[in-house]
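Read off the chains here:
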Amino acid sequence: MHIHGLIEDSVTLADLCKRLAKSDFITVDTEFMRENSYWPELCLIQVANDKEAAAIDPKAPDLDMGPLLDLLTDNEEVLKVFHAGGQDIEIVYNLTGKTPHPMFDTQVAAMALGQGEQIGYSNLVDTYLGIVVDKGARFTDWARRPLDKRQIDYAIADVTHLSKIFPKMLEKLRKSGRGVWLDQEMERISDPENYRNDPDQVWQRVRINSRKPEVLGRLKALARWRELEAQGKDLPRGRIVKDETLADIAANPPRKQSDLAKVRGLSAAWAGNDIGGRMMAAIADSKPMPADEMPGREERKPALGKDGALVADLLKLLLKIRAKEVNVAPRLLARSEDLEALAAGVRKDLPILEGWRYEQFGRDALALVEGQLGFAVRNGKLKMSRTEDPA
């Protein structure tokens, strides 16, 4: 495989992208910093196919990233392969408003091959290639320039290893017939809605005990205000106001700006500065949350009751048994919230009652809750047993 030097000019990058556009797949990874910012700071992008690999410096002056971003988001002929690619996809979305498509995530694929729910990259490389990954550059400050050869080699190895692992995984999936299992998961991961930060919806991430419309209305207004402040200043949300302080202010709003000096978690300076004034304006402009926006307990988590909770526990036991039998990570078959919904009587719009999940697990899960399946211990082993008389 040909390893390019660090790409820092537009002509070289455009030529690379033209060649990569003829590939069946490319492997992609990024290096970024986000500890001190709202937006992740992209510091390096690595790409490879089965013939060549390169690291691209997005910080290089006047570098036109357009050809690479177009390849990632607009070229439907080339499969983009990531490992645990959520944050990489988020970065591409922030730059383009689109996500890489079509895509493949080797961590998710490993779940279908019975290799655990969240296999790490190092373990994946060891399993498929027998190579111990050098972790010496893990804590590199990727924003600093210049990058030395060891850092660049470390970064490029991520995609060169992945370009050798992906065909091996694909062959296993084809032989096992499990490739189709992953289609829905890959589409879910690449859904742009997963990466859109709507300031009007971020209040839902803040824990608060109150369900009063006026309190939730203030929380929505405050969370929106904080989101815009964080974006504008490029600071983490918690650097503006922590969640618990935001919830406390929503529940116990100050009457005037000078009262902000008494709020735990805020600087006393907010009692007289501009940011404190903007917070007070957000509170003043807030309105009680309309009934159609109020969070519904039943919609978020169906009420189980004591018996329902026991049924959910049985479903979790069944999930462990079935996952072991078919050698797949349990989380790929079903999520806890789906099991609890089934135990609570929900029968519509559940992934476990559709497609391959129904065939592998959902049919038995439904039979269990409807009294057509039970558990028995035979020769010291737990077995599923069909009953003749469903309840």
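Residues numbered from 1 in each chain as written. Predicted model: local features only at pLDDT ≥ 70, side-chain atom pairs only at ≥ 80, totals over all residues. Heavy atoms only, no water.

**A look at the packing of aromatic side chains**
Scanning the model with the defined rule gives seven aromatic pairs in all. Ring centres 4.8 Å apart and planes at 55 degrees place the aromatic pair F25 and F166 in the tilted group. Taken as a pair, F25 in strand 2 (residues 25-33) and F166 in helix 6 (residues 149-176) lie far apart in primary sequence, 141 residues in all. (Phe/Tyr/Trp six-rings, centres within 6.5 Å; stacked < 30°, edge-to-face > 60°. Helix = DSSP H or I, 4+ residues; strand = E, 2+ residues; numbered from the N terminus.)

**Here's the deal with the packing of helix 2 (residues 66-73) against helix 3 (residues 86-96)**
Following both chains from N to C, one finds helix 2 and helix 3 inclined at 115 degrees, their axes separated by 11 Å at the closest point. You can see that helix 2 and helix 3 cross each other, and the crossing is left-handed. For the pair formed by helix 2 and helix 3, the contact residues are L69, L72 and T73 on the first element and V92, L95 and T96 on the second. Looking at the contact of helix 2 with helix 3 residue by residue, the classes come out as four nonpolar, two polar and no charged. (Axes fitted to C-alpha atoms, helices over the stretch in contact; angles between N-to-C directions. Left-handed = near helix turned anticlockwise from the far one by under 90°. Contact = heavy atoms within 4.5 Å. Nonpolar A, V, L, I, M, F, W, Y, C, P; charged D, E, K, R; others polar.)

**Comments concerning the sheet that holds strand 2**
Judged by pairing direction, the sheet is mixed, and its six strands sit side by side in the order 1-4-3-2-5-6 without closing on themselves. A strand with exactly one partner marks an edge of an open sheet, and here the two such strands are strand 1 (2-3) and strand 6 (103-105). Alignment of strand 3 (residues 41-48) against strand 4 (residues 52-56), held across four bridges, turns out to be antiparallel. By the bridge assignment, I45 is partnered in strand 4 with I56. Most of the contacts of helix 6 go to strand 2, to which it runs at about 140 degrees, and overall it touches strand 1, strand 2, strand 3, strand 4, strand 5 (79-82) and strand 6. (Pairing = 2+ DSSP bridges.)

**Regarding the pattern of salt bridges**
When their charged atoms lie close together, side chains carrying opposite charge are able to pair. Counted by the stated rule, this structure contains 27 salt bridges. With a closest N to O distance of 3.0 Å, R19 and E52 form a salt bridge. With a gap of 33 residues between them, R19 in helix 1 (residues 10-20) and E52 in strand 4 connect regions that are remote in the sequence. Across the pair K262 and D259 runs a salt bridge whose closest N-O atoms are separated by 3.9 Å. For K262, a relative accessible area of 71% puts it in the exposed group. Look at the salt bridges and you will find they share partners, linking E185, R188, R335 and R357 into a network. (Salt bridge = Lys/Arg side-chain N within 4 Å of Asp/Glu carboxyl O. Buried < 20%, exposed > 50% of the residue type's maximum accessible area, 1.4 Å probe, protein only.)

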